[in-house]
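A closer look at the structure
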Amino acid sequence: AHPVKVADIGLHASGHPLDADLVSLDIPALQAILQRAPITLVPGFVGISHSGTKRLLGRGGSDLTAVFLAAELDARCELIQSIQGVYEVDPAHTRAARFSQMHWDDLLDLENEVVQGKAVRLAKQRGLGFLVRGVSSSTPGTMVGDMTAKLVQDEAPNATL
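So, here's what we can say about the structure. (Residues numbered from 1 in each chain as written. Predicted model: local features only at pLDDT ≥ 70, side-chain atom pairs only at ≥ 80, totals over all residues. Heavy atoms only, no water.)

1. With respect to the overall build of the protein
For the protein, the helix and strand inventory stands at four helices and twelve strands. The C-alpha atoms of the protein give 16 Å as radius of gyration, which agrees with the globular expectation for 161 residues (15 Å, within 12%). The principal-axis extent of the C-alpha atoms belonging to the protein is close to 50 × 35 × 25 Å. For the protein, the proportion of contacts with a sequence separation of at least 24, taken over those separated by at least 6, is 66%. When the accessible surface of the protein is totalled, it reaches about 8800 Å², and 52% of it is carbon and sulfur. Charge-centre separation for the protein: the mean point of 14 positive side chains lies 6 Å from the mean point of 18 negative side chains. (Helix = DSSP H or I, 4+ residues; strand = E, 2+ residues; numbered from the N terminus. Rg over C-alpha atoms; globule rule 2.2 N^0.38 Å. Contact = heavy atoms within 4.5 Å. Areas by Shrake-Rupley, 256 points an atom, 1.4 Å probe, with all protein chains shown as cover. Lys, Arg positive; Asp, Glu negative; His and termini not counted. Charge placed at Lys NZ, Arg CZ, Asp CG, Glu CD.)

Quick look at the structure:
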């Protein structure tokens, strides 16, 4: 795995220093790095302003980074979270059904912010579907995009947090 700095790939952000939005990426620079190191680690919560100062992307900024990079590279996006997908209610407190798929707007309407709202809105704007899943591959997770919401009851009584 090859770590990179946001300056190395021209990951630019603008806006409030603690809640900025990503605005551009040096795609050829990132593609050159990916050619040398197919597993590349990009910091998921920060960009740089055009003057070179750091800009944080707000709570959940790693979601925004993943969605932005996938949209810019026309790549598949998977968001690995501490839960096995998106649930109708917090599975830590009660048995809950998991969405196998859902629309971006349905995700934004949930009380618990499983994925950063800015990331979901960017994915919708760019027409990017993405998968929300946990580290475990035993549960398929939740596909989010331009689709109708569908709930499924997982076999395990509660998701592992």
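2. What about the pairing of strand β9 (residues 98-103)?
Here β9 lies mainly inside the structure; five of its six residues are buried. Pairing of strand β8 (residues 86-87) with β9, which is carried by two bridges, proceeds in the antiparallel orientation. In the sheet register, Tyr87 faces β9, and the bridge partner there is Arg98. Strand direction decides the pairing type here: β9 and strand β12 (residues 150-152), joined by three bridges, are antiparallel. Its bridge partner being in β12, Arg98 is matched across the sheet by Val152. (Buried < 20%, exposed > 50% of the residue type's maximum accessible area, 1.4 Å probe, protein only. Pairing = 2+ DSSP bridges.)

3. Overview of the environment of Ser51
Position of Ser51 among the secondary structure elements: in the loop between β5 (46-48) and β6 (54-56). Sequence spacing of Ser51 and Pro140 is 89 residues, and the spatial spacing of their C-alpha atoms is 42 Å. Polar side-chain contacts of Ser51 include one of 2.9 Å to the side chain of Ser49. (Polar contact = N/O pair within 3.5 Å; in protein donor to acceptor, adjacent residues only side chain to side chain.)

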